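Residue-level listing of the chains:
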Amino acid sequence: MSDRLYIFDTTLRDGEQVPGCQLNTVEKIQVARALETLGVDVIEAGFPISSPGDFKSVVEISKAVTWPTICALTRAVEKDIDAASEALKYAKHGRIHTGIGTSDSHIRYKFNSTREEILERAIAATKYAKKYVEDVEFYCEDAGRTDNEYLARVVEAVIKAGATVVNIPDTTGYCLPDEYGAKIRYLMEHVDGIDKAIISTHCHNDLGMATANTVQGVLNGARQVEVTINGIGERAGNTSLEEIAMIFKSHKEQNIQTNINTTKIYGISRMVSSLMNMPIQPNKAIVGRNAFAHSSGIHQDGVLKNAETYEIIDPKDVGIDDNAIVLTARSGRAALKHRMHVLGIDVDQERLDKIYEDFLKLADKKKEITDDDVMVLAGADRSQNHHIKLEYLQVTSGVGVRPVASLGLNIAGEKFEAAASGNGPVDAAIKALKQIIHRQMVLKEFTIQAISKGSDDVGKVHMQVEYDNRMYYGFGANTDIIAASLEAYIDAINKFVK
Ligand code: KIV
Ligand code: ZN
């Protein structure tokens with residue numbers, strides 16, 4: 001008999017803490033519904049006290065999703081727990097996730113407190129949350145660097161106070177796999193009443209160890225894992241859901257089973273990447289563009305003879321369908337709708353008609369429409385509500401001439417035009433734009449995503465623009481890379497010019 005491993009997805013909470021990758025409530029609901037279809041057990045929907053937006057998202061996700069548990073994060077503070085309980089009032093199954101730092105460093109520097117006081121606060125917060133919901137998860141922040149003996153005391157006390165799940169986060173991503181595994185084993189062996197709660201892993205990837213640590217946690221007794229799609233999250237990110245799901249699917253001898261429908265992985269991975277404008281590194285395990293691409297002659301030869309020679313996972317198991325219909329200018333709405341469905345996007349007829357119209361325009365410019373193009377097309381209407389819109393852009397550049405750009409902007413219905421020269425075509429376009437928008441903004445990062453399918457492909461640009469000591473993220477996609485760059489710049493500006 002296999003042991004059931006519960007999948008707790010925190011893409012919409014820890015994952016969403018990535019600077020510049022915030023989603024609006026509609027987008028969060030879209031991701032939450034896809035997570036439900038994927039089969040996750042728990043969706044951490046937000047940190048309600050942190051902002052009205054987070055509060056609203058927890059409320060709306062609670063209404064939109066039926067069977068997974070909806071979880072809301074709090075500090076070990078009564079007003080946080082009140083807000084979480086209020087936000088969860090529509091959840092069919094609600095969980096409050098409360099906790100406090102337990103490492104000596106957190107106790108001393110963050111709380112200026114003592115181990116005994118923190119233990120009391122942990123018990124009090126658990127009991128307070130328990131007044132509202134049956135399902136209370138307690139996190140021992142920085143458990144990775146917490147002394148095991150003290151950690152065991154905290155875990156035992158919160159279980160006694162009613163915690164149903166106890167989370168052991170390696171908040172700083174410091175642990176080695178053996179060390180983290182031994183920590184979980186220590187708790188399993190030294191905590192009285194450990195069988196009354198589920199122990200959860202929550203590993204960060206600062207040393208590239210998040211997945212290995214999580215696996216060690218599970219092999220030593222944890223039965224819930226906290227993960228994100230594509231491994232996104234604070235700093236170097238969290239453990240990635242798709243890696244854990246495929247590790248235990250591939251290693252049946254471990255007798256660990258999840259509820260994940262792995263064929264939905266590819267679609268949700270693209271959806272999250274597209275909505276958050278976070279490119280997936282090409283060599284990312286399971287979902288990277290090259291994850292199943294065999295380039296060396298020896299490997300190709302082997303795979304053609306029998307895929308098993310070099311492939312440990314059938315791409316179809318994660319939803320990559322080699323026989324997918326290629327979308328071209330001759331594809332109809334039904335083919336586009338089907339491809340969008342595979343990618344986790346379901347839209348009404350009116351929206352489909354609009355996307356199809358844009359699809360035909362793009363298909364006129366390039367031969368084949370890729371999944372990335374479809375994701376961009378499906379997200380394209382995000383710019384419709386923009387305060388500043390690009391009306392036109394003309395650029396002259398080449399060898400031996402100084403690039404010149406002229407452009408037209410529509411700002412809340414009013415038209416503006418400007419022209420400027422620059423060191424390059426993008427520089428010229430940004431200088432022209434700055435003649436209209438007089439703000440002290442600095443371009444900090446500028447990434448052009450690799451074009452993978454020929455010179456007619458859509459170029460995707462990711463930018464970070466600093467304004468008033470804050471970083472704003474922008475994204476643009478266009479077959480014209482200069483236009484994509486300017487669109488990304490304008491997308492970022494729209495986040496602070498209202
Ligand atoms: O990394 C961490 O410790 C966390 C907790 C708030 C669960 O995200
Ligand atoms: Zn975390």
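Report on the accompanying structure.

Here we look at the overall build of the chain
Part 1 of the argument: Looking only at helices and strands, one finds 16 helices and 16 strands in the chain.
Part 2 of the argument: For a compact globule of 498 residues, the expected C-alpha radius of gyration is about 23 Å, and the chain comes in at 25 Å, within 12% of that figure.
Part 3 of the argument: When the 498 residues of the chain are sorted by exposure, 54% land in the buried category.
Part 4 of the argument: Taking all contacts inside the chain whose residues are at least 6 apart in sequence as the whole, residues at least 24 apart take part in 65%.
Part 5 of the argument: Carbon and sulfur atoms provide 49% of the accessible area of the chain, an area that totals close to 22,800 Å².
Part 6 of the argument: Where the 57 positive side-chain charges of the chain centre and where its 69 negative ones centre are 3 Å apart.

With respect to the coordination of the zinc ion (ligand 2)
Part 1 of the argument: Protein-derived coordination of the zinc ion (ligand 2) comes from Asp14 (OD), His202 (NE2) and His204 (NE2), at a distance range of 2.0 to 2.2 Å.
Part 2 of the argument: For the zinc ion (ligand 2), the single-chain donor residues occur in sequence as D-x187-H-x1-H.
Part 3 of the argument: Owing to a relative accessible area of 4%, His202 belongs among the buried residues under this scheme.
Part 4 of the argument: For His204, a relative accessible area of 4% gives the class buried.

Structural notes on the packing of helix α6 (residues 148-160) against helix α7 (residues 177-190)
Part 1 of the argument: Between α6 and α7, the least distance of the axes is 10 Å, while the angle of their chain directions is 55°. It follows from the interaxial angle that α6 and α7 lie oblique. As for how α6 packs across α7, the hand of that crossing is right-handed. Here Asn148, Glu149, Leu151, Ala152, Val155 and Glu156 of α6 lie close against α7, whose contacting residues are Lys183, Tyr186, Leu187 and His190.
Part 2 of the argument: Residues that form the contact of α6 with α7 fall into these classes: five nonpolar, two polar and three charged.

Considering the sheet that holds strand β7 (residues 165-170)
Part 1 of the argument: Taken together, the eight strands give a closed barrel; going around it, the order is β2-β3-β4-β5-β6-β7-β8-β9, and neighbouring strands pair in parallel fashion. Averaged over all pairs of adjacent strands, the angle between their axes in this sheet comes to 25°, without regard to strand direction.
Part 2 of the argument: Inspection of the sheet shows strand β4 (residues 69-73) paired to strand β5 (residues 94-101) by four bridges, in the parallel sense. Residue pairing across strands places Cys71 opposite Arg95, the latter belonging to β5.
Part 3 of the argument: Running at roughly 160° to strand β8 (residues 198-203), α7 makes contact with β7 and β8 of the sheet.

Regarding the packing of helix α5 (residues 115-130) against α6
Part 1 of the argument: Between α5 and α6, the shortest axis-to-axis distance is 9 Å and the interhelical angle comes to 25°. For the element pair α5 / α6, the angle class is roughly parallel. Where α5 crosses over α6, the two elements pack in a sense that is right-handed. Mapping the contact onto sequence places Arg115, Glu116, Ile118, Leu119, Ala122, Ile123 and Thr126 in α5 and Tyr150, Arg153, Val154, Ala157 and Val158 in α6.

A look at the packing of aromatic side chains
Part 1 of the argument: Following the criterion strictly, the structure yields three aromatic pairs and no others.
Part 2 of the argument: Measuring from centroid to centroid gives 5.9 Å for Tyr128 and Tyr132, while their planes differ by 85°, and the two rings are edge-to-face.
Part 3 of the argument: A residue is classified by how much of its surface remains accessible, and Tyr128, at 14% relative accessible area, is buried.
Part 4 of the argument: For Tyr132, a relative accessible area of 39% gives the class partly exposed.
Part 5 of the argument: When the ring of Tyr356 is compared with that of Phe359, the centres are 5.7 Å apart and the planes differ by 20°; the resulting orientation is stacked. Residue Tyr356 and its partner Phe359 are located together in helix α13 (residues 349-365), separated by three residues, close to a single helical turn.
Part 6 of the argument: A cation over a ring is seen here: Lys63 above Tyr90, with NZ or CZ 4.7 Å from the ring centre.

Reading the values: the criteria
- Residues numbered from 1 in each chain as written.
- Chains lettered and ligands numbered in written order.
- Predicted model: local features only at pLDDT ≥ 70, side-chain atom pairs only at ≥ 80, totals over all residues.
- Heavy atoms only, no water.
- Helix = DSSP H or I, 4+ residues; strand = E, 2+ residues; numbered from the N terminus.
- Rg over C-alpha atoms; globule rule 2.2 N^0.38 Å.
- Buried < 20%, exposed > 50% of the residue type's maximum accessible area, 1.4 Å probe, protein only.
- Contact = heavy atoms within 4.5 Å.
- Areas by Shrake-Rupley, 256 points an atom, 1.4 Å probe, with all protein chains shown as cover.
- Lys, Arg positive; Asp, Glu negative; His and termini not counted.
- Charge placed at Lys NZ, Arg CZ, Asp CG, Glu CD.
- Donors = N, O, S within 2.8 Å, 3.2 Å for Na, K, Ca; no water.
- Axes fitted to C-alpha atoms, helices over the stretch in contact; angles between N-to-C directions.
- Parallel < 35°, antiparallel > 145°, perpendicular 65-115°, else oblique.
- Left-handed = near helix turned anticlockwise from the far one by under 90°.
- Nonpolar A, V, L, I, M, F, W, Y, C, P; charged D, E, K, R; others polar.
- Pairing = 2+ DSSP bridges.
- Phe/Tyr/Trp six-rings, centres within 6.5 Å; stacked < 30°, edge-to-face > 60°.
- Lys NZ or Arg CZ within 6 Å of the ring centre and 35° of its normal.

Purely geometric stuff here, so don't read any function into it on its own.
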